Amino acid sequence: MRRTLLKTLALAPAVLAFPRVWAQAGKPEKSKLTIAVGGKNLFYYLPLTIAEQLGHFKDEGLQVEIPDFAGGSKALQALVGGSADVVSGAYEHTINMQAKNQFIESFVLQGRAPQIVLAVSTKTMPDYKSLADLKGKKIGVTAPGSSTSMMASYVLAKAGIKPSEVSFIGVGAASGAITAVKSGQVDAIANLDPVITMLQRDKLIKVVADTRTLKDTQAVYGGPMPAAVLYTHGKFVQENPNTTQALANAMVHALRWLTKAGPSDIVKTVPESYLLGDRALYLAAWENVREAISPDGIMPEAGPATALRMLKTFEPSLADKSIDLAKTYTNAFARKADVKYS
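Everything quoted here is computed from the prediction, not taken from an experiment.

Another aspect to go through is the packing of helix H6 (residues 147-158) against helix H9 (residues 214-221). As a packed pair, H6 and H9 sit with axes 11 Å apart at the nearest point and diverge in direction by 50 degrees. Between H6 and H9, the interaxial angle falls into the category oblique. Contact residues: Met 151, Tyr 154, Val 155 and Lys 158 in H6; Ala 219, Val 220 and Tyr 221 in H9. Residues of the contact of H6 with H9, tallied by class, amount to six nonpolar, no polar and one charged.

Written out as structure tokens, the structure reads:
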């Protein structure tokens, strides 16, 4: 009896450190899930696609449906409206939602660099010289309010241009975005690969700001900037720790696979439609963003503060808000998943 008591006391600190993931031996509390995403074909969300295509969710006892929306803000609306359980989306949304007294929590990181590129159209702005030239112009983003519009707003704000001084036009994250630039519907675009690499190949754009590599991300944001995550209501995480752990396990499994995958592995795994009709270019685009993928799903310590600083640059509503960053994310699930797949 004494030996059992001592063993229990020895384990107590671990229980306190990971209160929500202690009972992970059990089955998922909720096995059928909907994960909303905005622009599933993008490399930004490639870990999600890999987890789905390789059956990692099924391996964890989950049946997952993944509806694809025009942009991250639309995916967030699905979560808020109750038609999605989880979102694969930009970490920044957890901060914006807390400012509105809605607590959304990230629990596994997909990208350690945003991969978003702001570029001007060589068709409508052939004489572009500086960001000041974008005042009054139309900027194509995946969807207004999405991470692409946030990145563009931040870059413009640093140049003294307010978001209200440009027009953000939703163009999606696939062929619609390319068409918008080709046809001259927009003067600039904030989007991701493979869209950006395809536009570059055809000399349709001139890159103004690039966050596809860790070095470029540091230059733009002044620190590590988290990108795509899986996030959901804090209440969901509390009430469904086994389900949350299963999701984190599947995603970290996919991240581990991606660290070792070769170009042919990627092409064989993603749906044919993601290649946008050009396999070679798709692979070239993958090489542009490869290091942006998180290797372990763990949020970098300084990442949340960078995101908050970025948002405060152009969102007046955050100026007088006290944001508790500790409530916007947890690394407990990703750390446990990382141990499982290390």
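Having seen it, we continue.
The next point concerns the sheet that holds strand E7 (residues 138-141). Sheet architecture is open: five strands sit in the order E8-E7-E9-E6-E10, paired in mixed fashion. Every other strand in the sheet has two partners, leaving strand E8 (167-170) and strand E10 (205-210) as the edge strands with one partner each. Taken over all neighbouring pairs, the strand axes of this sheet differ in orientation by 25 degrees on average, direction set aside. Across the face of the sheet, H6 comes into contact with strand E6 (117-121), E7, E8, strand E9 (188-191) and E10 while running at roughly 75 degrees to E6.

Next up on the list: helix H7 (residues 175-182). Given 3.6 residues per turn, any residue in an α-helix points the same way as the ones three and four places further on. The complete set of buried residues in H7 reads Ala 177, Ile 178, Ala 180 and Val 181. On an axial view of H7, the arc spanned by its buried residues comes to 160 degrees, and they lie on one face. On the buried face of H7, the contacting elements are E6, E9, helix H8 (195-201) and E10.

Here the focus is the environment of His 56. Tracing the backbone shows His 56 in helix H3 (residues 56-59). Residues His 56 and Glu 165 lie 109 residues apart in sequence; the distance between their C-alpha atoms is 45 Å. Other than its neighbours up to four places away in sequence, His 56 contacts Ile 50, Ala 51, Ala 250, His 253 and Ala 254.

Within a regular strand, the side chains alternate between the two sheet faces. Side chains of E9 alternate between two faces, with Ala 188 and Ala 190 and Ile 189 and Asn 191 buried alike. Pairing of E6 with E9 involves four bridges; the strand directions are antiparallel. Within the sheet, the bridge partner assigned to Ala 119 lies in E9 and is Ile 189.

Reading the values: rules and limits
- Residues numbered from 1 in each chain as written.
- Predicted model: local features only at pLDDT ≥ 70, side-chain atom pairs only at ≥ 80, totals over all residues.
- Heavy atoms only, no water.
- Axes fitted to C-alpha atoms, helices over the stretch in contact; angles between N-to-C directions.
- Helix = DSSP H or I, 4+ residues; strand = E, 2+ residues; numbered from the N terminus.
- Parallel < 35°, antiparallel > 145°, perpendicular 65-115°, else oblique.
- Contact = heavy atoms within 4.5 Å.
- Nonpolar A, V, L, I, M, F, W, Y, C, P; charged D, E, K, R; others polar.
- Pairing = 2+ DSSP bridges.
- Buried < 20%, exposed > 50% of the residue type's maximum accessible area, 1.4 Å probe, protein only.
- Arc of directions from axis to C-beta.

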